[in-house]
Structure formats: structure tokens, C-alpha cells
Amino acid sequence: MYIGLSQPGAATRELAFAAADRKRSQTLRAVQPANPAVESRDKIRDKVLAELGIDRITLLKLAPQARIKAEISVMIETARRTPPAPIRATGNFVDLRV
């Protein structure tokens, strides 16, 4: 039974893996965002607040009922402007017959 580097050819394998890792790391590239034109939900929310003439601090200073109404209208408008999430179907078939 061989343990550790006492195996014949163990150092050779490590060097081969190191060379393969070095070659693989040189071929990797940074991945660009899929769609940079799509704004995040927070940016859209900030635009809606700016169009209504309300900033986050003013929103916090409103009375509770007024703040709830403002939040609801902002949430509705943000949801309307936000593009729908892509559908990610797995394609799994489930047999429900008994």
C-alpha cells in the first residue's frame, strides 16, 4: 500500500496537473453581463420616486397612512416598469397517474 508521494510517478502527476491548471487559467476570460441595458429594480424605484417628487427621507417622514399609500403606488409603478423575469422551465415530466 502506497501513501502520499511514495507512489511511483506521484510527482509527475502533480506537475502535469499544475501545467494543465496554468494553461486553463490563461484561457479563461471575464464574463460580461447578459443584458446591461436592463435596469435593476432599485434604480427603477428611484426613478419612480423622483418622478413623484419624493425621496427616501421624505417618504420616511410621511404619516403612516400617507406612507403606505405612497409605497403602494410606487410598488405598482415599479412592477409595471420592471421587465418580467425570464421563464426557466426545467422540462421535467411528472407522471401523476396512480
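Attention here is on the structure that accompanies the text.

Quick notes on the rules
Residues numbered from 1 in each chain as written. Predicted model: local features only at pLDDT ≥ 70, side-chain atom pairs only at ≥ 80, totals over all residues. Heavy atoms only, no water. Axes fitted to C-alpha atoms, helices over the stretch in contact; angles between N-to-C directions. Helix = DSSP H or I, 4+ residues; strand = E, 2+ residues; numbered from the N terminus. Parallel < 35°, antiparallel > 145°, perpendicular 65-115°, else oblique. Left-handed = near helix turned anticlockwise from the far one by under 90°. Contact = heavy atoms within 4.5 Å. Nonpolar A, V, L, I, M, F, W, Y, C, P; charged D, E, K, R; others polar. Expected span 1.5 Å × (residues − 1). Buried < 20%, exposed > 50% of the residue type's maximum accessible area, 1.4 Å probe, protein only. Arc of directions from axis to C-beta. Salt bridge = Lys/Arg side-chain N within 4 Å of Asp/Glu carboxyl O. Core = buried A, V, L, I, M, F, W, Y, C linked by side-chain atoms within 4.5 Å.

Attention now goes to the packing of helix 2 (residues 41-52) against helix 4 (residues 64-81). Relative to each other, helix 2 and helix 4 sit at 125 degrees, their axes nearing to 9 Å. Classed by the angle they form, the pair helix 2 and helix 4 counts as oblique. Helix 4 is crossed by helix 2, and the crossing has right-handed handedness. Of the residues in helix 4, those touching helix 2 at Arg41, Ile44, Arg45, Lys47, Val48, Leu49, Glu51 and Leu52 are Glu71, Ser73, Val74, Glu77, Thr78, Ala79 and Arg81. Class assignment for the residues of the contact of helix 2 with helix 4 results in six nonpolar, two polar and seven charged.

As a further point, take helix 2. In this model helix 2 runs 17 Å from its N-terminal to its C-terminal C-alpha over twelve residues, within 8% of the 16 Å that 1.5 Å per residue would give. Among all positions of helix 2, only Ile44, Arg45, Val48 and Leu49 are buried. Taken end-on, helix 2 shows its buried residues confined to a sector of 140 degrees, consistent with a single buried face. When the buried face of helix 2 is taken as reference, the exposed residues oriented beyond 90 degrees from it are Lys43, Ala50 and Glu51. Tucked inside the fold, the buried residues of helix 2 contact helix 3 (56-61) and helix 4.

According to the stated counting rule, one finds five salt bridges in the structure shown. Glu71 is the partner of Arg45 in a salt bridge, and the nearest nitrogen-oxygen pair spans 2.8 Å. Of this pair, Arg45 sits in helix 2 while Glu71 is found in helix 4, placing the two residues 26 residues apart along the sequence. Among the salt bridges present, the one from Asp46 reaches Arg56, with a minimum N-O distance of 2.7 Å. Here Asp46, found in helix 2, pairs with Arg56, found in helix 3; they are ten residues apart in sequence, far enough to count as distant. Residue classification places Asp46 among the partly exposed positions, given a relative accessible area of 35%. Look at the salt bridges and you will find they share partners, linking Glu51, Glu77, Arg80 and Arg81 into a network.

Attention now moves to the nonpolar core. Among soluble globular proteins, nonpolar side chains are generally buried collectively. In this structure, Ile44, Val48, Leu49, Ile54, Leu59, Ala70 and Val74 together form the largest nonpolar core, which totals seven residues. For this core, the elements supplying multiple residues, two or more each, are helix 2 and helix 4. Per element, the largest residue contribution to this core is three residues, and it comes from helix 2. Apart from the residues within four sequence positions on either side, Val48 is in contact with Val74, Glu77, Thr78 and Arg81.

Shape descriptors only; they carry no functional weight alone.
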